[in-house]
Amino acid sequence: MNALTRSIIPENETQRMAAVRRYDILDTPPDGAFDRVTAIAARRFDAPIAIISIVDHDRIWFKSRHGLSVEQIDREPGLCASAILSPDPHILADASVDPRSLTNPLVAGDFGLRFYAGVPLTTSDGFNLGTLCVIDKTPRSIDDAQVEDLKDLASVVMDQMELRLSARQAVARAEILAREIDHRVMNSLQFVSSMLTLQSRENHLADATAEQLKIAANRVGAVARVHRHFQSDEAAESTSCITFLRRMCADLSDIVGKTVAVGGDEGEVATTRIQPIGLIVNELVTNAAKHGDGRIDVSFRIMSETHEISVCDEGSGLPSCYDPTFGGGLGTKVVAVLASQLGGRIVAGRSPSGSGSCVTVTFPA
């Protein structure tokens, strides 16, 4: 670091850079709201260039630039790096004769800067992130009214940044609250499942009643499992179906006491579809473990216009007259309803291995 660089580093640089990161604005795309501010500033001063700059640790990055093609410059020659040293406007009416700028490369070099008026972009807690500045290659005077207009426009820039920061923080708080609610819902479902399981073990209950309570407990537990394995992905618009199914089926494998293998195509589906997919697989795997034999294979395939989920076992196979759309037990009806929610259809037949059954749900991609 040379003497020039050291001379334009604020004493609170560490805290100031933390503030820059807090606003998360560096390297964000162009924004019409900020571009309108620089256009107004250039018009108000009848100047060719107006910039909203953010002073990074080694560069000056331009969030908006009117009349300038470059996106950033090194911090060393940047006048904005000097402008953030003070809360006051930084005015150079004729930089070629101003002692503060005589050696600045932008003034002494080919660029030929002569006029600079910059107002720091100051946060609510007093840190200067960068500047709103107006630049010309011709010396000019500036009056108090113009300085006040520039200060007001800088305040508009900071208002926009504060609003966007508040919005991001509100979204973050909402996501935390949603996760907490989801966690409590999942715990409640697991509690209900446990209570139903305990109730089914009461000695005075008829066998049929106890069995129905067990079935109810398993279904509530299934919803809780799907919810738990889905939680880490639900903030996104889409998620990896294979990754979700592998997590869930690893859990299911321990519950049904059989190997549940998951394979297929890597690809994402909308998160709104993950829960019905999870519940379909849960029902089909549970049914395969109950009525089938051997290993259970879960497959997810991606075709050009459809997605396909298959659950196959190594048992004796399905009756020839079996129709997964009509009849069957409650589990079959649950799968049919969930497939309908996906806009899909169910096909049942023999496993591709030649032994056992295979149920496939196909739905639009």
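Residues numbered from 1 in each chain as written. Predicted model: local features only at pLDDT ≥ 70, side-chain atom pairs only at ≥ 80, totals over all residues. Heavy atoms only, no water.

### Notes on helix H3 (residues 32-45)
Under the 1.5 Å per step criterion, the end-to-end length of H3 is 20 Å for 14 residues, consistent within 8% with the ideal 20 Å. Residues of H3 that are buried include every one of Ala 33, Phe 34, Val 37, Thr 38, Ala 41, Ala 42 and Phe 45, and no others. Capping the start of H3 is the job of one residue whose side-chain oxygen sits 2.9 Å from the backbone nitrogen of Ala 33: Asp 31. Asp 46 sits one or two positions beyond H3 and adopts a positive phi of about 50°. (Helix = DSSP H or I, 4+ residues; strand = E, 2+ residues; numbered from the N terminus. Expected span 1.5 Å × (residues − 1). Buried < 20%, exposed > 50% of the residue type's maximum accessible area, 1.4 Å probe, protein only. Polar contact = N/O pair within 3.5 Å; in protein donor to acceptor, adjacent residues only side chain to side chain.)

### Quick notes on the state of the cysteines
Tallied over the entire structure, the rule returns one disulfide. Each sulfur of the disulfide joining Cys 312 and Cys 358 lies 2.1 Å from the other. Taken together, the positions of Cys 312 in strand E11 (residues 306-312) and Cys 358 in strand E13 (residues 357-364) put the pair 46 residues apart, joining distant regions of the chain. Its relative accessible area of 9% is what places Cys 312 among the buried residues. Unpaired in this structure, Cys 80 has its nearest cysteine sulfur neighbour in Cys 133, at a distance of 4.0 Å. With a relative accessible area of 6%, Cys 80 lands in the buried category. Here Cys 249 stays free of any disulfide, with the sulfur of Cys 241 as its closest cysteine sulfur at 9.8 Å. Here Cys 249 falls in the buried class, since its relative accessible area comes to 0%. (Disulfide = S-S within 2.5 Å.)

### Concerning the sheet that holds strand E10 (residues 296-302)
Reading across from one edge, E8-E10-E11-E13-E12 is the order of the five strands in this open sheet, with mixed pairing throughout. Looking at strand neighbours, the two that pair on one side only are strand E8 (260-264) and strand E12 (345-350), the edges of this open sheet. Each adjacent strand pair in this sheet contributes to an overall mean axis angle of 15°, direction not counted. Taken together, the five bridges between E8 and E10 define a ladder with parallel strand orientation. Looking at E10, one finds that Ala 261 is bridged to Asp 297. Docked against the sheet, helix H8 (residues 241-256) engages E8 and E10, running at close to 165° with respect to E8. (Pairing = 2+ DSSP bridges. Axes fitted to C-alpha atoms, helices over the stretch in contact; angles between N-to-C directions. Contact = heavy atoms within 4.5 Å.)

### Let's talk about the confidence of the model for the protein
On average, the protein scores 83 in pLDDT, and the residues at 70 or more come to 81%. A low-confidence stretch, residues 1-6 stays under pLDDT 50, and its non-local contacts, those more than four residues away or across chains, total five contacts. (pLDDT = per-residue confidence, 0-100.)

### Notes on the side chain of Ser 101
Secondary-structure assignment places Ser 101 in the loop between strand E4 (90-92) and helix H5 (105-108). Using a relative accessible area of 0% as the deciding quantity, one classes Ser 101 as buried. For Ser 101, the side chain forms a polar contact with the main-chain oxygen of Ala 95, separated by 2.8 Å. In this structure Ser 101 touches Leu 79, Leu 92, Ala 95 and Val 107, once residues within four positions along its chain are discounted.

### Quick word on the packing of aromatic side chains
Throughout the structure, instances matching the rule amount to zero aromatic pairs. One Lys or Arg, Lys 137, reaches over the ring of Phe 111 and ends 4.6 Å from the middle of that ring. Against the face of Phe 115 rests Arg 140, its NZ or CZ located 5.4 Å from the ring centre. (Phe/Tyr/Trp six-rings, centres within 6.5 Å; stacked < 30°, edge-to-face > 60°. Lys NZ or Arg CZ within 6 Å of the ring centre and 35° of its normal.)

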